[in-house]
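# Chain and residue survey
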Amino acid sequence: MSLLITVPPNLVQSIRAFRVTDLQDEAARLGQHFLYAHCNAGLTKQQVLGIIAESFLFPKPCGKNFEALRVTLTDTFAKAGEQTGFLIVLEQLPNRQKFDREARECLLDVFRDAADFWAEKKVPFRVFYSFE
């Protein structure tokens, strides 16, 4: 039985009771891309975006702003060919003065937009996150 049987195919949600290693194993079992970033070392929006871009092996411009990240998660991946699905973990998103609740919500909105984009293409795109 699938670990994600009760999880919709396109969503952004708290990691809750899931373990990262179990999610990674499930992505491999399903033949989906697994992207992981441990973000708590970031103090600013720029640093958090840089950590995500580096962790996901994205080009450096993705670490510059939310729009560049959104384009990579949607258009760039779509142009790369047929996709089987994505399982993404953003662990320990920081809660700092220069990366506050508003910045976290903007970041999560980028991933929500990407989930909507892939839902239209009927490609699973699940994002799990946690806060520090």
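Here's a quick rundown of the structure. Predicted model only: the values in this text are computed from it and were never measured. (Residues numbered from 1 in each chain as written. Predicted model: local features only at pLDDT ≥ 70, side-chain atom pairs only at ≥ 80, totals over all residues. Heavy atoms only, no water.)

## Structural notes on the environment of D75
Heads up, the condition is: In DSSP terms, a helix is any run of H or I states spanning at least four residues, a strand is any run of E spanning at least two, and both are numbered starting from the N terminus.
With respect to the helices and strands, D75 occurs in helix α3 (residues 66-79). As for D75 and F117, which are separated by 42 residues in sequence, their C-alpha atoms are 9.1 Å apart.

## Section: the packing of aromatic side chains
Basically, it comes down to this: Only centres within 6.5 Å qualify two rings of Phe, Tyr or Trp (six-membered ring in Trp) as a pair; their planes then separate them into stacked at under 30 degrees, edge-to-face at over 60, and tilted for everything else. Only protein chains enter the area calculation, which uses a 1.4 Å probe; residues under 20% of their type maximum are buried, those over 50% are exposed, and those in between are partly exposed.
Applying the stated criterion across every chain, the model contains eight aromatic pairs. Between F86 and W118, the ring centres sit 5.3 Å apart and the planes meet at 45°, which makes this aromatic pair tilted. Placement of the pair is F86 in strand β3 (residues 86-93) and W118 in helix α4 (residues 101-120), with a sequence separation of 32 residues. Take F86 and W118: they sit in the same class, and that class is buried.

## Regarding the environment of D109
Looking at the element boundaries, D109 is found in helix α4. We classify D109 as partly exposed; its relative accessible area is 37%. Through-space distance from the C-alpha of D109 to that of F86 is 17 Å; in sequence the pair is 23 residues apart.

## Thoughts on the state of the cysteines
The criterion, for reference: Note on terminology: pairs of cysteine sulfur atoms within 2.5 Å are recorded as disulfides.
Applying the stated criterion across every chain, the model contains zero disulfides. Cysteine C106 is unpaired, with the sulfur of C39 as its nearest cysteine sulfur at 15 Å.

## Comments concerning the side chain of T74
Rule in force here: Contact criterion: two residues are considered in contact whenever any of their non-hydrogen atoms come within 4.5 Å of each other.
Looking at the element boundaries, T74 is found in helix α3. Those residues within four positions of T74 in sequence are excluded, and the remaining contacts are A114, F117 and W118.

## So, the nonpolar core
Let me state the cut-off plainly: Buried Ala, Val, Leu, Ile, Met, Phe, Trp, Tyr and Cys residues form a nonpolar core when they are joined through side-chain atoms within 4.5 Å.
Counting residues in each nonpolar core, the largest one holds 33 residues, and the members touching the most others are L73, I88, L90, L107, F111 and F125. Every element with two or more residues in this core is listed here: β2 (33-38), α2 (45-55), α3, β3, α4 and β4 (125-131). With nine residues, α4 is the largest single contributor of residues to this core. Of all hydrophobic cores here, the second largest spans 10 residues; its members include L11, I15, F18 and V89.

## What about unusual backbone geometry?
Residues other than glycine seldom take positive phi values, yet L57 does so here, at roughly 60°. Within the element layout of this structure, L57 appears in the loop between α2 and α3.

## Here we look at α3
Short version of the rule: How far a helix is expected to stretch is found by multiplying one less than its residue total by 1.5 Å. Throughout, the bend at a residue refers to the angle made by two axes, fitted to the seven residues ending there and to the seven starting there. Here a polar contact is taken to be a pair of N or O atoms separated by no more than 3.5 Å, where protein atoms must pair a possible hydrogen donor with a possible acceptor and residues adjacent in sequence count only if both atoms sit in side chains.
In this model α3 runs 19 Å from its N-terminal to its C-terminal C-alpha over 14 residues, within 8% of the 20 Å that 1.5 Å per residue would give. Most pronounced at T72, the bend in α3 amounts to some 35°. Taken together, the buried positions of α3 are occupied by F66, A68, L69, T72, L73, T74 and F77. Residues of α3 that are buried make contact with β2, α2, β3, α4 and β4. By the N-cap criterion, in which a side-chain oxygen at the helix start approaches the backbone nitrogen of a residue two or three places on, α3 is capped by N65, the distance to E67 being 3.1 Å. G81 occupies a position one or two residues after α3 and carries a positive phi of about 120°.

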